[in-house]
Amino acid sequence: QVQLVESGGGLVQPGGSLTLSCAASGCTFSSYVMNWYRQAPGKERELVASITSSGGSTMDADSVKGRFTISRDNAKNTVYLQMNSLKPEDTAVYYCNAKLSRGATIRYDYWGQGTQVTVSS
């Protein structure tokens, strides 16, 4: 059974930093593209950052570019999201996601339970 367990969320002041972690188990972690999504109250879930299975390529949403960094450690089956210069609009539940595709078809798609990030003074 695949499990994704996020940690590291919490309350932080504007301008502060947090690092989210997502530990995976029950899957061949190094085969999966890993993503961080977030969902704010009343808004749709949005993709924040993505990293390829090898870690050789990353993508960041425009809203977090230059502030957030996604990384992974395949030896530890863990993906990270370093968040700097946090803004109140970054407040959301952050979800870890693992995807494995074959061509254009998503074969496996797993989600964590989410971790709350609140940016407020």
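Quick caveat, the model's predicted, so the values are computed rather than measured.

Peer 1: An account of the overall build of the protein chain is needed here, citing residue identities and associated values.
Peer 2: Scanning the protein chain from N- to C-terminus turns up 0 helices and 11 strands. The linear arrangement of helices and strands in the protein chain, starting from the amino end, is β-β-β-β-β-β-β-β-β-β-β. Based on the C-alpha atoms only, the size of the protein chain along its principal axes is roughly 45 × 25 × 25 Å. For the protein chain, buried positions account for 40% of its 121 residues. Total accessible area computed for the protein chain in this model is approximately 6,300 Å², and 46% of it derives from carbon and sulfur atoms. Mean positive and mean negative side-chain charge positions of the protein chain (11 and 9 charges, respectively) differ by 5 Å.

Peer 1: Please set out the state of the cysteines residue by residue, giving values where relevant.
Peer 2: Overall, the coordinates contain 1 disulfide when judged by the stated rule. Each disulfide pairs two cysteine sulfurs, and for Cys-22 the partner residue is Cys-96, the sulfurs being separated by 2.1 Å. Linking Cys-22 and Cys-96, the disulfide has an S-S dihedral of approximately -80° and is accordingly described as left-handed. Placement of the pair is Cys-22 in strand S3 (residues 18-25) and Cys-96 in strand S9 (residues 92-102), with a sequence separation of 74 residues. Judged by relative accessible area, Cys-22 falls into the buried class, the value being 0%. Cys-96 sits in the buried class, given a relative accessible area of 0%. For the unlinked cysteine Cys-27, the closest cysteine sulfur is that of Cys-22, found at 9.1 Å.

Peer 1: Kindly report on the pairing of strand S10 (residues 105-111), identifying the contributing residues and their values.
Peer 2: On any regular strand, side chains alternate: one points to one face of the sheet, the next to the other face. Where S9 and S10 come together, 6 bridges link them in antiparallel fashion. By the bridge assignment for S10, Ser-101 is matched with Ile-106. In this antiparallel pair of consecutive strands, S9 and S10, the connection spans 2 residues, and Gly-103 shows a positive phi of 65°.

Here is what the cut-offs are and how they apply
- Residues numbered from 1 in each chain as written.
- Predicted model: local features only at pLDDT ≥ 70, side-chain atom pairs only at ≥ 80, totals over all residues.
- Heavy atoms only, no water.
- Helix = DSSP H or I, 4+ residues; strand = E, 2+ residues; numbered from the N terminus.
- Buried < 20%, exposed > 50% of the residue type's maximum accessible area, 1.4 Å probe, protein only.
- Areas by Shrake-Rupley, 256 points an atom, 1.4 Å probe, with all protein chains shown as cover.
- Lys, Arg positive; Asp, Glu negative; His and termini not counted.
- Charge placed at Lys NZ, Arg CZ, Asp CG, Glu CD.
- Disulfide = S-S within 2.5 Å.
- Pairing = 2+ DSSP bridges.

Nothing here speaks to function; it is geometry throughout.
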